[in-house]
Amino acid sequence: MDFTPTQEQRAASGLAAEICADLSTPERLAALGPAAADTELWKALCAAGLPGAVEDIGLLGLVLLLEEQGRTTAQVPLVATCAFGLLPLAAHGTADQRERLLPGLREGTEVATGAFGRGGGPPGVRETAPPGAGAPAGRARLTGTVPLVPWLCEATLVLVPDAGRRLWLVRAGDPGVGVEPVATTAPWSAGRLTLDAAPAEPLGGGAGRSGGPGGEARMSSPPYDDVLATARTAFAGLQAGVCAGTLARAVRYTSERQQFGRPLSANQGVLLRAADAHMDTEAIRVTTYEAAWRRDAGLDAAPHALTAAWWAAEAGTRVVHTGQHLHGGIGADVEHPVHRHFLWGRQLAAYLGGGAQLLDELGRLLARDESANEKEATV
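Residues numbered from 1 in each chain as written. Predicted model: local features only at pLDDT ≥ 70, side-chain atom pairs only at ≥ 80, totals over all residues. Heavy atoms only, no water.

## With respect to the overall build of the protein chain
Next, step 1: Counting its regular elements, the protein chain contains 11 helices and nine strands.
Next, step 2: Split into buried and exposed, the 379 residues of the protein chain put 55% on the buried side.
Next, step 3: Of the roughly 15500 Å² of accessible surface on the protein chain, 55% is carried by carbon and sulfur atoms. (Helix = DSSP H or I, 4+ residues; strand = E, 2+ residues; numbered from the N terminus. Buried < 20%, exposed > 50% of the residue type's maximum accessible area, 1.4 Å probe, protein only. Areas by Shrake-Rupley, 256 points an atom, 1.4 Å probe, with all protein chains shown as cover.)

Here it is as structure tokens:
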């Protein structure tokens, strides 16, 4: 197990850091408002080839990019487009689907998202007409509602799992597809997805999987499990960046703010809170790196992705609270940049499902795996 970034991953991460630092400034974010996506920044990232590079640098490379996005709370659909679009299509799409859909996702003319339920569970979407039965050739029809889909208002392509954990590609502008904006804690351009006999194309079918670290035939997990683990890992990586950003602001503020003739950072209580936040941030980062590395290596990453998501939800909440607390009264100012990190941290924790829910799922998964191993040992 080696988390050392490759030269290509380091170069992509450095470029993302430079672009986000230049364009995702507190002043520009305040001007964008709470719901708008930063189209200028998104165009800059796509012009630099960063979304498309994820096919080569893999999930671990994507996590490094998302850390840089999280540091500046950049309002771009990078995590959704890559976790629910580029990587699933590269790993599980047919040759025709990759040829039709990947170029637009790489260039940024297409934006993808995923209609997975809160915490990653399959939503209440059902197939109302199988392929060929009242639907266009090779397509089915889906009906159901997903209350919250991140970046749905910006998306052109939605990856939708049904109740049977099959994955479908739905065009946001097709008949029978309803998109209603939903206000969220963080500015994610989120929406409520309503499907009423909407045409849907099944993802993949087992043929023509692509190579490279972004997706290859040796992927051992079923498509639904792989996409869910990928998304959890990616959102945990985003949380690692959010935590790093809020902690950096807290360190800078407490080092500069003077009280009774000395900086706040000289107080032991401040040092201990900052140290705990640093350890929490590192725990999110290392568990996320491990899950991403395993996915790129074609190994089972489901329990590791759940572990990363748990740390992102539980420790991430602690870190953003600490960052706001260490800013004192200024931290209560909703226009201060640290408050934006606080909102993102809370939103990510809620979207991932919350610590108790994730821990329960992880426990059941480990118990099932142990039971399966015991049965194999007795055969």
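## Quick notes on unusual backbone geometry
Next, step 1: Despite not being glycine, S189 has its phi angle at roughly 50 degrees, a positive value.
Next, step 2: Within the secondary structure, S189 sits in the loop between strand 6 (177-181) and strand 7 (191-202).
Next, step 3: By relative accessible area, which is 5% here, S189 ends up buried.
Next, step 4: Not every positive phi belongs to a glycine, and A197 is a case in point at roughly 55 degrees.
Next, step 5: Classification of A197 as partly exposed rests on a relative accessible area of 28%.

## Quick word on the nonpolar core
The nonpolar side chains of a soluble globular protein tend to be buried with one another.
Next, step 1: Membership of the largest hydrophobic core comes to 80 residues, with the highest contact counts inside it found for L62, L65, L78, F84, F116, W188 and F235.
Next, step 2: Not counting the four nearest positions on each side in its chain, L78 is found in contact with W42, P51, L62, L65, L66 and Q69.
Next, step 3: Among the nonpolar cores identified, the runner-up in size contains 16 residues, and L142, V149, V170 and V177 belong to it. (Core = buried A, V, L, I, M, F, W, Y, C linked by side-chain atoms within 4.5 Å. Contact = heavy atoms within 4.5 Å.)

## Re the pairing of strand 7
Next, step 1: Pairing geometry for strand 3 (residues 140-149) and strand 7, over seven bridges, is antiparallel. If you follow V146 over to strand 7, its bridge partner there is L193.
Next, step 2: Pairing geometry for strand 5 (residues 167-171) and strand 7, over two bridges, is antiparallel. From the neighbouring strand, L169 faces strand 7, where its bridge partner is E201. (Pairing = 2+ DSSP bridges.)

## Things to note about the pattern of salt bridges
Next, step 1: Taken as a whole, this structure holds 17 salt bridges when the rule is applied.
Next, step 2: The salt bridge partner of R285 is E67, with a shortest N-O separation of 2.9 Å. Placement of the pair is R285 in helix 8 (residues 268-296) and E67 in helix 4 (residues 50-72), with a sequence separation of 218 residues.
Next, step 3: Residue classification places E67 among the buried positions, given a relative accessible area of 3%.
Next, step 4: The partner of R171 in a salt bridge is E110, with the nearest N and O atoms 2.8 Å apart. Linking R171 in strand 5 with E110 in the loop between helix 6 (95-107) and strand 1 (112-114), this pair joins segments that are 61 residues apart in sequence.
Next, step 5: The exposure class assigned to R171 is partly exposed, which follows from its relative accessible area of 26%. (Salt bridge = Lys/Arg side-chain N within 4 Å of Asp/Glu carboxyl O.)

## Some remarks on the packing of helix 4 against helix 8
Next, step 1: At a minimum axis separation of 7 Å, helix 4 and helix 8 run at an interaxial angle of 150 degrees. The angle between the axes of helix 4 and helix 8 places the two elements in the roughly antiparallel class. Residues I57, G58, L59, L60, V63, L64, E67 and R71 of helix 4 lie in contact with helix 8, whose contacting residues are R285, T288, Y289, A292, R295 and D296.
Next, step 2: Of the residues assigned to the contact of helix 4 with helix 8, the class counts are seven nonpolar, two polar and five charged. (Axes fitted to C-alpha atoms, helices over the stretch in contact; angles between N-to-C directions. Parallel < 35°, antiparallel > 145°, perpendicular 65-115°, else oblique. Nonpolar A, V, L, I, M, F, W, Y, C, P; charged D, E, K, R; others polar.)

## Some remarks on the environment of E361
Next, step 1: Turning to its location among the elements, E361 is positioned in helix 11 (residues 355-378).
Next, step 2: Its relative accessible area of 22% is what places E361 among the partly exposed residues.
Next, step 3: Sequence separation of E361 and L306 is 55 residues, and the distance between their C-alpha atoms is 7.9 Å.

## Considering helix 3 (residues 39-47)
Next, step 1: Those residues of helix 3 lying buried are L41, W42, L45 and C46. The buried residues of helix 3 occupy an angular sector of 135 degrees when the element is viewed end-on, so they sit on one face. Every exposed residue of helix 3 that faces more than 90 degrees away from the buried side is listed here: K43 and A47.
Next, step 2: The inward-facing, buried residues of helix 3 contact helix 1 (7-23), helix 4, helix 5 (78-92) and helix 6. (Arc of directions from axis to C-beta.)

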